[in-house]
Amino acid sequence: MATKPQKVDAVYLWVDGEDATFHRLRNAAVRSGANEKSFARRHFRDSGELRHSLRSLESHASWVDKVHIVHQDGLPSWLDLSNPRIRTIRHEEIFPDPSVLPTFNSCAIELNLHRIPGLSRRFLYFNDDLFLGRDLPFPDYAAPERRQRFFLEPNPISLWTWTKPVHDKAYAFTLRRIRRFLGRKRYNECLQALASTRRGWRALLPLRCLLPTHVPQLYNREVLSELETLFSDEYQKTRAHRFRAPEDIVFRILYSFYLVDKEALEPRLLDWDSPAYAFVRLESDPAKMKRAFDRITAIDPAFICVNDDLNDFPEEHPSLCLWREFMEKRYPVPSGFEKKTARRSRAVRESGKGKTEVVASSLAD
């Protein structure tokens, strides 16, 4: 795998939780008996994550070419659609069977990313709650012998999920389908390779697959196209699930196993306690959230992920206020993806003064 690609794009999923069409579809789905947990406010709340994630991308990954934003209805009012680097793609452009739309299932949408027209062969996939904390050289994703690096976290996937949430059941379902496809012997060999990142006391634990880390991961659209052919039945069924389902295929798990089987992947562990990765769940205790954000500022990680777990808490909740304040302080400068009419306030300009310049460093070091 070349260390300097010809072109690498970025892909984001976006949903406008305040869009009138979205609310109409949401209410119809709830009336039809859909699980209301699928529509928890935290899944669709916009606290400015996409705007600030794009700022982090432009600041710390200058090698990324175009940015593709996959959406259903509505786009952010601040997004500059005249920017030639921005492309917006509606779901019906990439779903082979538009009759399954609308969908509220990110697993279903992800299975179609390789169908984005004009997408680069290799691309970075972001969720809007993922941020780059410092300069990210492309070689951090490259490994010797034409392989790529894929990041895992110390969070084992359990196959025993009777009382687990639906996403855990989908993880387990995906592993079972992979095991059936590879055969038990090769599956265990791949599992061993993926678990080779474990260090210290974790190496003594029973062998279990680790979950791909919540960071921007590099994908090859040609590999994803191969997976669609090999797992066509599973792809078709997952695409038809308008809401998250226990029988969903999770593409990041499928992708990592497939590349390990082809000896084309080098797994890398990103520990929650490492200076390279900060994972935070928004909770109702403002003091706890302040400590978490202060820690991010202190360790200056390469990757930041902040999950909104506040369910139906109001926008003015102190934890949400702290979160918005943190993003604005860390990423105060508008990106080229924002309309030029969006100007920083005086307070924001002043918060950016004296900001320490971050020296680029490679995760491969």
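Along each chain, the written sequence defines residue order, and numbers are assigned to residues from 1. In view of the model being predicted, local features appear only for residues whose pLDDT reaches at least 70, and side-chain atom pairs are presented and counted only at 80 or more, with totals across whole chains, interfaces and linings using the full set of residues. Note: side-chain values were computed over all heavy atoms of the structure, leaving out hydrogens and water.

## A look at the sheet that holds strand β12 (residues 303-308)
1) Next: Here, any two strands with at least 2 DSSP bridges between them count as paired. Helical segments are the DSSP runs of H or I of at least four residues, strand segments are the runs of E of at least two, and each set is numbered from the N terminus. As summarised here, the arrangement of the 3 strands in space is β5-β12-β11, forming an open sheet in which the pairing is mixed. In the strand order of this sheet, the two ends are held by β5 (130-132) and β11 (277-282), each with one partner. Between one strand axis and the next, the sheet turns through 20° on average, direction left out of account.
2) Next: With respect to the sheet, helix α11 (residues 318-330) is in contact with β5, β11 and β12, its orientation differing from that of β12 by roughly 155°. Axes here refer to lines fitted to C-alpha atoms; in helices the fit is confined to the stretch in contact. Angles between the N-to-C directions go from 0 to 180 degrees. The criterion used for residue contact is that any of the two residues' heavy atoms lie within 4.5 Å.

## Observations regarding helix α8 (residues 232-239)
1) Next: Each residue is placed in one exposure class: buried if its accessible area under a 1.4 Å probe, protein chains only, is under 20% of its type's maximum, exposed if it is over 50%, and partly exposed if it falls in between. Restricting attention to buried positions, one finds in α8 the residues Glu-234, Tyr-235, Thr-238 and Arg-239. One face of α8 carries all of its buried residues, which in axial projection span an arc of 130°. The exposed residues of α8 that point more than 90 degrees off its buried face are Gln-236 and Lys-237.
2) Next: The elements touched by buried residues of α8 are α4 (106-110), α5 (166-182), α7 (221-230) and α9 (251-261). When we speak of the arc, we mean the arc of directions from the helix axis to the C-beta atoms.

## Focus on unusual backbone geometry
1) Next: Going from Leu-101 to Pro-102, the amide bond is cis rather than trans, its omega being 5°.
2) Next: When you line up the elements, Pro-102 lands in the loop between β3 (86-90) and α4.
3) Next: Positive phi, close to 55°, is recorded for Glu-263, a residue that is not glycine.
4) Next: Along the chain, Glu-263 falls in the loop between α9 and β10 (265-269).
5) Next: With a relative accessible area of 63%, Glu-263 lands in the exposed category.
6) Next: Its identity is not glycine, yet Asp-300 carries a phi of approximately 50°, on the positive side.
7) Next: Mapped onto the elements of the fold, Asp-300 is located in the loop between α10 (286-299) and β12.

## Some thoughts on the nonpolar core
1) Next: For this analysis, a nonpolar core means a set of buried residues of the types Ala, Val, Leu, Ile, Met, Phe, Trp, Tyr and Cys, connected via side-chain atoms within 4.5 Å. Judged by nonpolar contacts, the single largest core of 51 residues is most densely connected at Val-70, Leu-113, Leu-227, Ile-253 and Phe-257.
2) Next: Sort the elements by how many residues they give to this core and α9 lands first, with 8 residues.
3) Next: The contacts of Val-70, once residues within four sequence positions are left out, are Val-11, Tyr-12, Leu-13, Trp-14, Ile-89, His-91, Ile-94, Ile-109, Leu-113 and Ile-116.
4) Next: One finds Tyr-12, Leu-130, Tyr-141 and Leu-218 within the second-largest nonpolar core, a separate group that totals 32 residues.

## A few points about α9
1) Next: A large share of α9 lies buried, amounting to 10 of its 11 residues.
2) Next: The complete set of buried residues in α9 reads Phe-251, Arg-252, Ile-253, Leu-254, Tyr-255, Ser-256, Phe-257, Tyr-258, Leu-259 and Val-260.
3) Next: At the exit of α9 stands Glu-263, carrying a positive phi of roughly 55°.

## Remarks on the confidence of the model for the protein chain
1) Next: A score between 0 and 100, pLDDT records how confident the predictor is in each residue. In this model, the protein chain carries an average pLDDT of 86, and 84% of its residues clear a pLDDT of 70 or more.
2) Next: With pLDDT under 50 throughout, residues 345-365 is counted as low confidence; its partners more than four residues away or in other chains account for 29 contacts.

## Digging into the environment of Leu-101
1) Next: Along the chain, the position of Leu-101 falls in the loop between β3 and α4.
2) Next: Leu-101 sits 138 residues away from Arg-239 along the chain, and the two C-alpha atoms are 9.0 Å apart.
3) Next: With near-sequence residues (within four places) excluded, Leu-101 lies in contact with His-91, Glu-92, Phe-95 and Arg-242.

## Regarding the packing of α5 against α9
1) Next: Running from N to C, α5 and α9 point in directions that differ by 30°, and their axes come no closer than 9 Å. Taken together, the axes of α5 and α9 lie roughly parallel to each other. The crossing of α5 and α9 is right-handed. Here α5 contributes Tyr-171, Thr-174, Leu-175, Ile-178 and Leu-182 to the contact with α9, which in turn contributes Arg-252, Ile-253, Leu-254, Phe-257 and Asp-261.
2) Next: Ten residue types, Ala, Val, Leu, Ile, Met, Phe, Trp, Tyr, Cys and Pro, are classed as nonpolar, four, Asp, Glu, Lys and Arg, as charged, and the remainder, Gly among them, as polar. Across the contact of α5 with α9, the residue classes tally to 7 nonpolar, 1 polar and 2 charged. Roughly parallel refers to an angle under 35 degrees, roughly antiparallel to one over 145, roughly perpendicular to one between 65 and 115, and oblique to any angle outside these ranges. Here a crossing is called left-handed whenever its near helix is offset anticlockwise from the far helix by less than a right angle, and right-handed whenever the offset is clockwise.

## A closer look at the side chain of Glu-338
1) Next: With respect to the helices and strands, Glu-338 occurs in the loop between α11 and α12 (346-351).
2) Next: On the basis of relative accessible area, Glu-338 is assigned to the buried category, the value being 3%.
3) Next: Think of a polar contact as two N or O atoms within 3.5 Å of one another; within protein, one of them needs to be a possible hydrogen donor and the other a possible acceptor, and neighboring residues in sequence only count if both atoms come from side chains. In terms of polar contacts, Glu-338 uses its side chain to reach the side chain of Arg-55, at 2.7 Å.
4) Next: If near-sequence neighbours (up to four positions away) are discounted, Glu-338 is found in contact with Arg-51, Arg-55, Trp-78 and Asp-80.

## Examining the sheet that holds strand β4 (residues 122-126)
1) Next: In space, the 5 strands of this open sheet follow the order β3-β2-β1-β4-β9, with mixed pairing throughout. Each having just a single partner strand, β3 and β9 (217-220) make up the two edges of the open sheet. The sheet shows a mean angle of 30° between the axes of neighbouring strands, taken without regard to direction.
2) Next: Strand direction decides the pairing type here: strand β1 (residues 8-14) and strand β2 (residues 64-71), joined by 6 bridges, are parallel. In the strand pairing of β2, Ala-10 is matched with Val-67.
3) Next: Of the strands in this sheet, β4 and β9 are in contact with α7, which crosses β9 at around 65°.
4) Next: With respect to the sheet, α9 is in contact with β4 and β9, its orientation differing from that of β9 by roughly 70°.

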